[in-house]
Amino acid sequence: MVSAVFHSPLEAAAPAGRNADKPRESAATQLIACSPYPTGATAQNDMKTSSPAAAAAKSSRDASWLWLGILPPLLGMGLLVLVWELVSMGTGASIPSPKDTFIQAIEIFKDPFYSKGPNDQGVGWNVLSSLKRVAMGFGLAAVVGIPVGFMIGRFTFLSRMFNPLISLLRPVSPLAWLPIGLLVFKGADPAAIWTIFICSIWPMIINTAVGVQRVPQDYMNVARVLNLSEWKIVTRILFPAVLPYMLTGVRLAVGTAWLVIVAAEMLTGGVGIGFWVWDEWNNLNVKNIIIAIFVIGIVGLVLEFVLIKIATAFTFEEVKS
């Protein structure tokens with residue numbers, strides 16, 4: 001019966017004498033012949049035929065990766081150096097050239113952790129001091145902001161209660177909170193940590209609350225049917241669904257915190273990358289100021305990269321920079 005299906009109508013209508021001396025092929029042989037998948041020598045021939053094409057496609061992908069992955073950043077950095085050199089030449093070398101700045105950077109990073117007193121320390125100690133303040137303020141903001149975001153997103157009454165306060169306080173410049181911190185805490189370090197805390201908490205609250213509010217209602221209906229406790233609803237349903245939103249808020253908060261600490265340390269003094277920039281300006285050492293700008297940018301880039309990797313590891317969604 002299978003053989004009848006795969007016979008051509010013309011072959012069936014042909015005279016019996018034409019096909020009388022031909023042995024009839026078995027159904028299995030005709031199935032193999034009609035199969036779209038290559039077998040045996042046919043598969044080997046197809047592999048030999050397609051191997052040059054595969055090699056060409058692979059080399060094309062390699063070339064595209066070189067063209068799109070390496071060349072654009074190199075051209076961007078080259079453009080920056082070119083503009084920098086032109087500005088240096090146009091200002092009569094009041095802005096140091098890239099070559100002079102690079103030589104100065106080599107001298108600075110030969111011993112980044114020297115210490116010759118509270119106001120004369122290497123760039124390494126300044127960066128670590130700033131990161132310590134960021135970690136403390138950012139950690140406090142996470143401890144407070146994420147639970148508050150869960151509660152605001154979970155309960156409509158709290159959402160309507162806190163939304164006007166967040167809308168009022170969030171646009172305030174972070175440095176406007178610095179005098180309040182100095183007045184309350186009577187110290188530069190607590191005031192800087194307070195400033196980081198108050199500017200980092202808003203992205204965490206808002207993103208976490210939005211994530212909770214966007215959890216599908218079907219999930220909550222299932223929780224009610226199963227009579228789950230509030231703790232299980234938060235840990236088993238809300239937390240996994242809100243995690244991508246929460247990590248986005250963390251990324252935004254740590255970027256804002258690193259921006260704020262530089263400005264806060266310029267005003268409060270002490271050891272820190274912001275104070276180092278201001279101290280070098282007082283000494284009219286423009287080379288060190290430019291080096292500090294690059295250090296601030298590199299540290300911020302590393303923080304962003306680390307948080308992207310953490311977000312990618314703990315979520316199923318692709319996290320893009």
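Residues numbered from 1 in each chain as written. Predicted model: local features only at pLDDT ≥ 70, side-chain atom pairs only at ≥ 80, totals over all residues. Heavy atoms only, no water.

**Details of the packing of aromatic side chains**
Logical step 1: Inspection of the entire model under this criterion finds five aromatic pairs.
Logical step 2: Arranged with centres 6.0 Å apart and planes meeting at 80°, the rings of tryptophan 177 and tryptophan 194 form a pair that is edge-to-face. Of the two residues, tryptophan 177 is situated in the loop between α7 (156–169) and α8 (178–185) and tryptophan 194 in helix α9 (residues 188–213); the sequence distance between them amounts to 17 residues.
Logical step 3: We classify tryptophan 177 as buried; its relative accessible area is 16%.
Logical step 4: A connected cluster of aromatic rings, assembled from ring pairs, spans Trp177, Phe185, Trp194 and Phe197.
Logical step 5: A cation over a ring is seen here: lysine 116 above tyrosine 114, with NZ or CZ 5.5 Å from the ring centre. (Phe/Tyr/Trp six-rings, centres within 6.5 Å; stacked < 30°, edge-to-face > 60°. Helix = DSSP H or I, 4+ residues; strand = E, 2+ residues; numbered from the N terminus. Buried < 20%, exposed > 50% of the residue type's maximum accessible area, 1.4 Å probe, protein only. Lys NZ or Arg CZ within 6 Å of the ring centre and 35° of its normal.)

**Things to note about the pattern of salt bridges**
Logical step 1: Considering all chains together, one arrives at five salt bridges under this definition.
Logical step 2: Note that glutamate 265 is salt-bridged to arginine 133, the shortest N-O span being 2.6 Å. Here glutamate 265 is found in helix α11 (residues 230–268), whereas its partner arginine 133 is found in helix α6 (residues 123–154), with 132 residues between them in sequence. In terms of burial, glutamate 265 and arginine 133 fall into one category: buried.
Logical step 3: Here the residues in one salt-bridge network are Arg133, Asp189 and Glu265, joined through shared partners. (Salt bridge = Lys/Arg side-chain N within 4 Å of Asp/Glu carboxyl O.)

**Some thoughts on the nonpolar core**
Nonpolar side chains in soluble globular proteins generally cluster together in the buried interior.
Logical step 1: If you look at the biggest cluster of nonpolar residues, it comprises 32 residues, and the most contacted ones within it are Phe150, Met204 and Leu238.
Logical step 2: Sorting the residues of this core by element identifies α6, α9, α10 (217–225), α11 and α13 (286–314) as the ones contributing at least two each.
Logical step 3: If one sorts the elements of this core by residue count, α11 sits on top with ten residues.
Logical step 4: Once you skip the residues sitting within four places of it in the chain, phenylalanine 150 turns out to touch Thr208, Val212, Val234, Leu238, Phe239, Val242 and Met246.
Logical step 5: Grouped together as the second largest cluster of nonpolar side chains are 21 residues, Val127, Ala192, Trp258 and Val277 included. (Core = buried A, V, L, I, M, F, W, Y, C linked by side-chain atoms within 4.5 Å. Contact = heavy atoms within 4.5 Å.)

**Overview of the side chain of asparagine 288**
Logical step 1: Within the secondary structure, asparagine 288 is located in helix α13.
Logical step 2: Polar contacts involving the side chain of asparagine 288 include one to the side chain of glutamate 280, which spans 3.1 Å.
Logical step 3: Among residues more than four places away in sequence, those in contact with asparagine 288 are Gln104, Ile108, Trp276 and Glu280. (Polar contact = N/O pair within 3.5 Å; in protein donor to acceptor, adjacent residues only side chain to side chain.)

**Notes on the packing of α6 against α9**
Logical step 1: One can describe the packing of α6 onto α9 by two numbers: an axis separation of 6 Å at closest approach and a directional angle of 30°. What the angle tells us is that α6 and α9 run roughly parallel. Note on packing geometry: the crossing formed by α6 with α9 is right-handed.
Logical step 2: Of the residues that constitute the contact of α6 with α9, the class distribution is 20 nonpolar, seven polar and three charged. (Axes fitted to C-alpha atoms, helices over the stretch in contact; angles between N-to-C directions. Parallel < 35°, antiparallel > 145°, perpendicular 65-115°, else oblique. Left-handed = near helix turned anticlockwise from the far one by under 90°. Nonpolar A, V, L, I, M, F, W, Y, C, P; charged D, E, K, R; others polar.)

**Some points on the side chain of glutamine 121**
Logical step 1: Tracing the backbone shows glutamine 121 in the loop between α5 (98–110) and α6.
Logical step 2: For glutamine 121, a relative accessible area of 17% gives the class buried.
Logical step 3: When near neighbours in sequence (up to four residues on either side) are disregarded, glutamine 121 contacts Tyr114, Ser115, Asn126 and Val271.

Distances and angles like these do not, on their own, reveal function.
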